[in-house]
Amino acid sequence: MLLHRLGVHQLWISIVVVATLSVVAIGALPPPRPSSSCQRKCGGVDIPYPFGIGPDDSPDHCSLPGFNLSCKDDGHGVLRPFYIDVEIQNILLQQGQARMRMDMSTYCYNTSAKEMEGHTWILNLAGTPYRFSDTGNMFTVVGCRTLAYIGDEDNVGRYMSGCVSMCRQAADVSSLSNGSCSGIGCCTTAIPKDLQYYKVWFDPGFNTSEIYNTSRCSYAALIEESSFTFSTSYATSAAFFDAYGGQPPLLVDWAIGNETCKVAKQKPGGLYACVDDRSECFDSANGPGYICNCSKGFQGNPYLVDGCKDVDECNDDPAKYPCSVNGICKNTPGGYECICPPHYPKGNAYNGTCEKDQTIPPKVTIPIGIFALVLVGLLLFLGKEWIKHKRRIVRQEYLSKMNECFQQNGGQLLMDMMKVESNISFQLYGREAIELATNNFHNSSIIGEGGQGTVYIGQNLDEKNNPVAIKICKGYDESRRMEFGKELLILSRVKHGNIVQLLGCSLQFEAPVLVYEYVPNQTLHYLIHSQDDASIRTLEIRLKIANEIASALAYLHSLNHPVFHGDVKSVNILLSDDLSAKVSDFGCSMIRSGNETAQVVKGTMGYLDPEYLMNFELTDKSDVYSFGVVLLELLTRRTALSKTKESLVSIFKEAVKEDKLWDDLIDREIANQENMDVVLQVAAVASQCLVITGEHRPTMSQIAEELHQLAGPIPHNSRAFHGVISTHMLRGRSSNNTSNYNTSEETTDYYNLQKKASMSIEFAR
């Protein structure tokens, strides 16, 4: 906190104290309990916790950080509590407020020097739990010819206001009336919320040099509104200054920390100040933070364990907690009851309508009451047993359904195979564990959705509580249910540095549920289309990523039991912290139906193989085509489908046809003369991947080998290209690595598939 006084003609700043407040970490843990030896009074002022006398780091924990006060001489031989150098008059615990005394700013005419002299004050509470109350204070200006301003630090523009007080003629002074502050001799204005700094200064154009005999001084201060009542003598004398001894009170709101109640309660490892079980938390109405109050029917200090005590309404204040004349008051925890006397059992004891008993005699009512109690007890017992019976039936049906799904999905076969392979790390998860990990597959747990299934983030599936990715497969083949377990075990053997690891599965659902390792970084789609930093999107990085993707897909295709991804796209390529690619969202393709129809197309428009769109048969060349689209994304930074639903493949082929590839399509970040040769070679690889006829496309192994040679540091090439990639380059480079690529589309197969290509492009659009 800084307290400043400014002269009008010469600016000088006296820094009294700088208080650095460490914000209290609020959370699930209570703050340390203060010692019983802490001083709780100073100069007749109560100092309730979280306030305390002494430094923040006192081992007695007398206060929360930022709420430490000092008890010292006020300059007149009287001990008073101070926050740094500002006197605290009293602390309002329930309201979350405190009353302070602050110096009044003055602007007076010096008759000797024949000029105005000002003393202006600044109060800085920034970085503290305090904020000037916008509801309890008013900026008040008193004088007969003055304009005073109140503003924020260095007039940065967040807040500034002013107030003009005028007495143009002697008649204005005589017309003043007590209690009226309307701009003649006195004016007031409100302040905004969340204000922790203010300074006051006077406009030198307004002064009392002409009327100093009537009003020599003007005054301005931020004052507690309820403590100020205007007196006519204030405008023409020093009575206003003297009434407060030069230090009028102002009201400050205080709060714990800078978080809401909800955040503070749930913040792990933090401190939560509302420690009494009978307390409630309220968000501060003036800036961030919160305050605590005892619950209704309790009073005391909610910041202390057992600080809130029950109010004995029956003995505390009968006027506040009334019972009728005939009523009997009974105190209860947090409240009270009014009961009619024994012989007046009917009526309302709260409003005095207790009536004398004229009901059936006890010898009749007692047996009836006993019978009623027995009957109610019997009904409750039967109802409870019926509910338990229904729950048992539901539970049995649930377990039966899980076991049925497990057997139908080949679960027993999978368990038998896992027993044979003792070193396998593949896990079988129960249905309840999966539902618990995904919050019963709540929408908030979804982290991805593609043509092959929906992916959820899962928690607490292992002892280390590491998050996992849980995928529900779509379009599974009913006729191949018994093979699911076997094929999933094959998938578990897929181990490659650029492929997301399959950790386990659950076969207790209608569709298989796969559990993968969780990669928490961004996707290739984000790097290409959303990342602002071009330095991590260089050609070298793009080629490295492309090479790793190709290597991963080539590995999948080369397995004894080949795995076809079926949905290769930039969204399904995850990037680790070192920008290593990890192919994800594979696996469901192995357990999909081999006889899919057009109504169950799996994959993503813009990436789909045209041949797959015709016969719905997933092959390794389907992944090659989709990978070619990803290569185009890396080269152009365009999406697979434009906003007008035009496919990137058709745009690429059109640009090649019109010799505009280099000028119009290649991303400007990599389109320079040094990169041209490599970029055009990669474009040629992409062109080979996008051949309409699948059998004429290269294999992923050939592509991986080609990209591996291109993925090193980009060589400086002085050859000049003029923005056009040659037809020869696009139809296959004459090298040992690609000489066996059959990329010609001018064949009988091409004309046979011409109709398919047309349909594919239209479907992509």
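Our subject is the structure that appears above.
Below: a short report on this structure. As the structure is a prediction and not an experimental result, all values here were calculated from the model.

What to know about the overall build of the protein
Turning to step 1, where the next piece is worked out: Regarding its fold elements, the protein presents 19 helices and 32 strands.
Turning to step 2, where the next piece is worked out: Expressed as a percentage of its 765 residues, the buried residues of the protein come to 49%.
Turning to step 3, where the next piece is worked out: Relative to all contacts within the protein whose residues are 6 or more apart in sequence, the contacts with residues 24 or more apart total 64%.
Turning to step 4, where the next piece is worked out: Approximately 37,400 Å² of the protein is accessible, and the part contributed by carbon and sulfur atoms is 52%.

Description of helix H5 (residues 362-408)
Turning to step 1, where the next piece is worked out: Its 47 residues place the ends of H5 68 Å apart at the C-alpha level, agreeing with the 69 Å of an ideal helix rising 1.5 Å per residue.
Turning to step 2, where the next piece is worked out: Positive backbone phi, at 80°, marks Gly410, one or two positions downstream of H5.

Thoughts on the state of the cysteines
Turning to step 1, where the next piece is worked out: Applying the stated rule across the entire model yields 10 disulfides.
Turning to step 2, where the next piece is worked out: The side chain of Cys261 participates in a disulfide bridge whose partner is Cys281; the two sulfur atoms lie 2.1 Å from each other. Residues Cys261 and Cys281 are joined through a disulfide that is left-handed, its torsion about the S-S bond being -85°. Of the two residues, Cys261 sits in helix H3 (residues 261-266) while Cys281 sits in strand S19 (residues 279-283), which places them 20 residues apart along the sequence.

Remarks on the pairing of strand S24 (residues 335-339)
Turning to step 1, where the next piece is worked out: Bridge analysis of strand S23 (residues 328-332) against S24 gives five bridges, and the strand direction is antiparallel. Directly across from Asn331, in S24, lies its bridge partner Tyr336.
Turning to step 2, where the next piece is worked out: A loop of two residues connects S23 with S24, the two strands running antiparallel in sequence, and Gly334 in this loop sits at a positive phi of about 80°.

A word on the packing of helix H15 (residues 676-689) against helix H16 (residues 700-710)
Turning to step 1, where the next piece is worked out: The contact between H15 and H16 brings their axes to 11 Å, and the two run at 170°. With respect to H16, the element H15 is oriented roughly antiparallel. Along its contact with H15, which presents Val678, Gln681, Val682, Val685 and Cys689, the element H16 presents Ile703, Glu706 and Leu710.
Turning to step 2, where the next piece is worked out: Taken together, the residues that form the contact of H15 with H16 break down as six nonpolar, one polar and one charged.

Brief notes about the packing of aromatic side chains
Note on aromatic pairs: each is described by the distance of the centres and the angle between the planes.
Turning to step 1, where the next piece is worked out: Per the stated rule, a full pass over the model turns up 22 aromatic pairs.
Turning to step 2, where the next piece is worked out: The interplanar angle of 80° and the centroid separation of 5.6 Å between the aromatic rings of Phe67 and Trp254 together place this pair among those described as edge-to-face. Here Phe67 is found in the loop between strand S4 (52-53) and strand S5 (68-73), whereas its partner Trp254 is found in strand S18 (residues 249-254), with 187 residues between them in sequence. The same class applies to Phe67 and to Trp254, which are both buried.
Turning to step 3, where the next piece is worked out: For the pair Tyr83 and Tyr130, a centre-to-centre distance of 4.8 Å together with 70° between the ring planes defines the contact as edge-to-face. Of this pair, Tyr83 sits in strand S6 (residues 79-83) while Tyr130 is found in strand S11 (residues 130-132), placing the two residues 47 residues apart along the sequence.
Turning to step 4, where the next piece is worked out: Using a relative accessible area of 3% as the deciding quantity, one classes Tyr83 as buried.
Turning to step 5, where the next piece is worked out: Aromatic rings pair up to connect Tyr219, Phe228, Phe230, Tyr234, Phe240, Phe241 and Tyr244 into one cluster.

Here we look at the nonpolar core
Turning to step 1, where the next piece is worked out: Core analysis: the largest hydrophobic core is formed by 81 residues, its most contacted members being Leu524, Ile549, Phe627, Leu631 and Ile703.
Turning to step 2, where the next piece is worked out: Broken down by element, the residue count for this core peaks at 11 residues, all from helix H10 (residues 539-558).
Turning to step 3, where the next piece is worked out: Here this core spans two domains, and each of domain 2 (409-517) and domain 3 (522-711) adds at least three residues to it.
Turning to step 4, where the next piece is worked out: By size, the runner-up hydrophobic cluster in this structure holds 52 residues, among which are Met102, Tyr107, Leu250 and Cys261.

Things to note about the sheet that holds S4
Turning to step 1, where the next piece is worked out: Here seven strands make up an open sheet; going across it, the order is S4-S5-S6-S7-S8-S18-S11 and the pairing mixed. At either margin of the open sheet sits one strand with a lone partner, and together these are S4 and S11.

Concerning the pattern of salt bridges
Turning to step 1, where the next piece is worked out: Inspection of every chain in the model, using the stated rule, returns 23 salt bridges.
Turning to step 2, where the next piece is worked out: Here Asp276 makes a salt bridge to Arg278, at a shortest N to O gap of 3.2 Å.
Turning to step 3, where the next piece is worked out: Here Lys388 ties to Glu385 by a salt bridge, and the two come within 3.7 Å at their closest N and O atoms. In this pair, Lys388 and Glu385 are both assigned in helix H5, three residues apart and thus about one turn of the helix distant.
Turning to step 4, where the next piece is worked out: The network of salt bridges with common partners includes Arg537, Arg542, Arg637, Asp667 and Glu669.

Section: the pairing of S5
Turning to step 1, where the next piece is worked out: Note that S4 and S5 share two bridges and pair parallel. Following the sheet pairing, Ile53 is matched in S5 by Leu69.
Turning to step 2, where the next piece is worked out: Pairing geometry for S5 and S6, over four bridges, is antiparallel. Note that in S6 the partner of Cys71 across the bridge is Pro81.
Turning to step 3, where the next piece is worked out: In this antiparallel pair of consecutive strands, S5 and S6, the connection spans five residues, and Gly75 shows a positive phi of 95°.

How each quantity is defined
- Residues numbered from 1 in each chain as written.
- Predicted model: local features only at pLDDT ≥ 70, side-chain atom pairs only at ≥ 80, totals over all residues.
- Heavy atoms only, no water.
- Helix = DSSP H or I, 4+ residues; strand = E, 2+ residues; numbered from the N terminus.
- Buried < 20%, exposed > 50% of the residue type's maximum accessible area, 1.4 Å probe, protein only.
- Contact = heavy atoms within 4.5 Å.
- Areas by Shrake-Rupley, 256 points an atom, 1.4 Å probe, with all protein chains shown as cover.
- Expected span 1.5 Å × (residues − 1).
- Disulfide = S-S within 2.5 Å.
- Pairing = 2+ DSSP bridges.
- Axes fitted to C-alpha atoms, helices over the stretch in contact; angles between N-to-C directions.
- Parallel < 35°, antiparallel > 145°, perpendicular 65-115°, else oblique.
- Nonpolar A, V, L, I, M, F, W, Y, C, P; charged D, E, K, R; others polar.
- Phe/Tyr/Trp six-rings, centres within 6.5 Å; stacked < 30°, edge-to-face > 60°.
- Core = buried A, V, L, I, M, F, W, Y, C linked by side-chain atoms within 4.5 Å.
- Domains from an automatic or database assignment.
- Salt bridge = Lys/Arg side-chain N within 4 Å of Asp/Glu carboxyl O.

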